[in-house]
Amino acid sequence: MKITNTSSTAWGYLLAMIGSASYGLNPLFAMPLYNEGITPMSVLFYRYAISTILMGIYMLAKGQSFRLTKNEALATMIMGTLFASSSAGLFFSFKYMDPGLASVILFTYPLFVALLSWLVFHEHMSRNTFLCIIVTSFGICMLKQDGTGGGFSLIGMTLAILSGLTYAIYLIGVNRSILKDMSISRLSFFALAFGTIVFFISNNFGMDIAPLPDIQSWGNAFGLAVFPTVISLLLITKSIHIIGSTPASIIGALEPITALAVSLAAFGGVITGGNLIGIVLILCAVMFMAYSNKNNVKANTSTIQKHA
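(A) Expanded view of the overall build of the chain. The number of helices and strands found in the chain is 13 helices and zero strands. Walking the chain from its N terminus toward its C terminus, one meets helices and strands in the order α-α-α-α-α-α-α-α-α-α-α-α-α. Taking 2.2 N^0.38 as the reference for a compact globule, 308 residues should give roughly 19 Å; the C-alpha atoms of the chain span a radius of gyration of 18 Å, in line with that estimate. Along the first, second and third principal axes, the C-alpha set of the chain runs to 45 × 45 × 45 Å. Here the chain holds 308 residues, and the buried ones make up 53% of them. Taking the contacts inside the chain whose residues are at least 6 apart along the sequence as the reference set, 88% of them involve residues at least 24 apart. For the chain, the accessible area works out to roughly 13,800 Å², and carbon and sulfur atoms hold 68% of it. If the 15 positive side-chain charges of the chain are averaged to one point and the 9 negative ones to another, these points end up 15 Å apart.

Quick look at the structure:
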């Protein structure tokens, strides 16, 4: 059966939607583990370790090489550390603020890419991008009330912002290093592998890794590795090849929307009127910037790897 351009494009949009929504499932699997007393560092170790194994199996099935040059190994070690740091910021922010709102803040990472590229590498920043940064900053301020009666969580907000900032540095580093031509699957595998080492060391060389107490906990750990990590990565990467990076980036708004829906439906989160205004401002600003600066900002090279 011959696939027409129209059906292929529709398939690409569907993959982008499923992949983006899958990434938004982070709170669905992480919060039950927290409730079992599993620390964020232990949760991240399980997520990264299982994801590394799954990505390794995928690479073997595709016949991809695991060989790295010395320069590639050094670069992936640095990028893997940044990648892991971004994930740690996001997952620790879940402990202090609504995970849906934290995911919305993480979604601002393309604006950090544009800002850092302008400040550090003196790349041109359009008026539209500057306005989007202003609007996003105002939107983040509107998220200061967490909707649960707990008020403003400076720690949670700071961790979520640092997560987005660190991920932006990771993306810039990848796009300006020897890794820029590496396939997404290979880059993801080695970033996850080095991230696993980082979390193993951070857990007192494995001594502080909390054991998963039951099958349900193992299911949540596998859920974190499968849906917001491997499935999201592969589907979004495939969608970019079909429809391009800009449409896939815009559809990426489903990531924080899904996280918000999970927080509201599964964990009793509450969104205030101010939160809603802030969410709309942030999502609109990021999507508008992705569209207007599609030739300047490479904000979606490794979308699923957030943190991841």
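(B) Spatial organisation of the packing of aromatic side chains. For the coordinates displayed, the defined rule picks out 13 aromatic pairs. Residues F45 and Y46 carry aromatic rings whose centres are separated by 5.9 Å and whose planes lie at 65° to one another, so their mutual orientation is edge-to-face. Just as F45 is buried, Y46 falls in that class too. Consider the rings of F66 and F189, whose centres lie 5.1 Å apart with planes at 80°: the pair is edge-to-face. Taken together, the positions of F66 in the loop between α3 (40-62) and α4 (70-93) and F189 in helix α9 (residues 184-202) put the pair 123 residues apart, joining distant regions of the chain. Residue class for F189 comes out buried when judged on its relative accessible area of 12%. Clustering of aromatic rings is evident, with ring pairs tying together Y48, F83, Y109, Y167, Y170 and F199. Its guanidinium or amino end placed over the ring of Y34, K95 lies 5.2 Å from that ring's centre, counting from NZ or CZ.

(C) Spotlight on helix α5 (residues 99-106). Burial within α5 is extensive, with eight of its eight residues counted as buried. Listed in full, the buried residues belonging to α5 are P99, G100, L101, A102, S103, V104, I105 and L106. Where α5 begins, one side-chain oxygen reaches toward the backbone nitrogen of G100, 2.7 Å away; that side chain belongs to D98.

(D) Here's a closer look at unusual backbone geometry. In this model, H122 sits at a positive phi of 55°, which is unusual for a non-glycine residue. Here H122 lies in the loop between α6 (109-121) and α7 (127-141). Here F205, not a glycine, exhibits a phi torsion of approximately 55°, which is positive. Locating F205 in the fold gives a position in the loop between α9 and α10 (215-243). A relative accessible area of 54% places F205 in the exposed class.

(E) Spatial organisation of the confidence of the model for the chain. Per-chain confidence: the chain averages 87 in pLDDT, with 91% of residues scoring 70 or above. Note that pLDDT drops below 50 for residues 147-151; the model gives that stretch six contacts with residues more than four away or on any other chain. Across residues 295-308, where pLDDT falls below 50, the model places 60 contacts with residues more than four positions away in sequence or in other chains.

(F) Just the nonpolar core, in detail. Membership of the largest hydrophobic core comes to 77 residues, with the highest contact counts inside it found for F91, L143 and Y170. With nine residues, α3 is the largest single contributor of residues to this core.

(G) Seen up close, the environment of T229. With respect to the secondary-structure elements, T229 resides in helix α10. The sequence separation of T229 and L260 amounts to 31 residues, and the corresponding C-alpha distance is 18 Å. For T229, the side chain forms a polar contact with the side chain of R47, separated by 2.9 Å.

(H) Structural context of the packing of helix α2 (residues 26-35) against α10. Contact geometry of α2 with α10 gives a least axis separation of 9 Å together with a crossing angle of 155°. Here α10 runs roughly antiparallel to α2, going by the angle between their axes. Crossing angle aside, the handedness with which α2 passes α10 is left-handed. Contact residues: N26, L28, F29, A30, P32 and L33 in α2; S217, N220, A221, G223, L224, F227 and P228 in α10. The class makeup of the residues in the contact of α2 with α10 is nine nonpolar, four polar and no charged.

(I) Structural detail: the packing of α4 against α9. Between α4 and α9, the shortest axis-to-axis distance is 7 Å and the interhelical angle comes to 65°. Accordingly, the angle class assigned to the pair α4 and α9 is roughly perpendicular. Our pair here, α4 against α9, has a crossing hand that is right-handed. Within the contact between the two elements, α4 uses A73, T76, M77, G80, T81, F83, A84 and A88 and α9 uses F190, A191, L192, F194, G195, V198 and F199. Taken together, the residues of the contact of α4 with α9 sort by class into eleven nonpolar, four polar and no charged.

Conventions and cut-offs
Once a new chain begins, its residue numbering starts again from 1 and follows that chain's sequence as written. Thresholds applied to this predicted model are a pLDDT of at least 70 for local features of residues and 80 or more for the giving and counting of side-chain atom pairs; totals over whole chains, interfaces and linings are not thresholded and use all residues. Only hydrogens and water are set aside; all other atoms, that is, all heavy atoms of the structure, feed into the side-chain values. Numbering of helices and strands starts at the N terminus; helices are DSSP runs of H or I of at least 4 residues and strands are runs of E of at least 2. Here the globule rule is a power law, 2.2 Å times the number of residues to the power 0.38, and the radius of gyration is based on C-alpha atoms. Throughout, exposure labels follow a simple rule: accessible area from a 1.4 Å probe, protein chains only, divided by the maximum for the residue type, with under 20% read as buried, over 50% as exposed, and the rest as partly exposed. In what follows, a contact means two residues having at least one pair of non-hydrogen atoms within 4.5 Å. Using a 1.4 Å probe, the Shrake-Rupley method yields the accessible areas, and only the shown protein chains count as cover for residues. We score Asp and Glu as negative and Lys and Arg as positive, and we do not count His or the chain ends. All charge positions are set by atom: Lys at NZ, Arg at CZ, Asp at CG, Glu at CD. Pairing of aromatic rings covers Phe, Tyr and Trp, the last through its six-membered ring, and needs centres within 6.5 Å; plane angles under 30 degrees mean stacked, over 60 mean edge-to-face, and all others mean tilted. Charge-over-ring contacts are defined here by two conditions on Lys NZ or Arg CZ: a distance within 6 Å of the ring centre and an angle within 35 degrees of the ring normal. Polar contacts, as counted here, are pairs of nitrogen or oxygen atoms within 3.5 Å of one another; within protein the pair requires one atom able to donate a hydrogen and one able to accept it, and residues that are adjacent in sequence qualify only if both atoms are side-chain atoms. Confidence per residue, as judged by the predictor, is encoded in pLDDT with a range of 0 to 100. Residues grouped as a nonpolar core are buried Ala, Val, Leu, Ile, Met, Phe, Trp, Tyr and Cys residues, joined through side-chain atoms within 4.5 Å. The axes used here are C-alpha line fits, helices contributing only the stretch in contact, and every angle between their N-to-C directions lies in the interval 0 to 180 degrees. What sets the label is the angle itself: under 35 degrees gives roughly parallel, over 145 gives roughly antiparallel, 65 to 115 gives roughly perpendicular, and the rest give oblique. The hand of a helix crossing depends on one turn: near helix anticlockwise from the far one by less than a right angle means left-handed, and clockwise means right-handed. Asp, Glu, Lys and Arg are counted as charged, while Ala, Val, Leu, Ile, Met, Phe, Trp, Tyr, Cys and Pro are counted as nonpolar; the rest, among them Gly, fall into the polar class.

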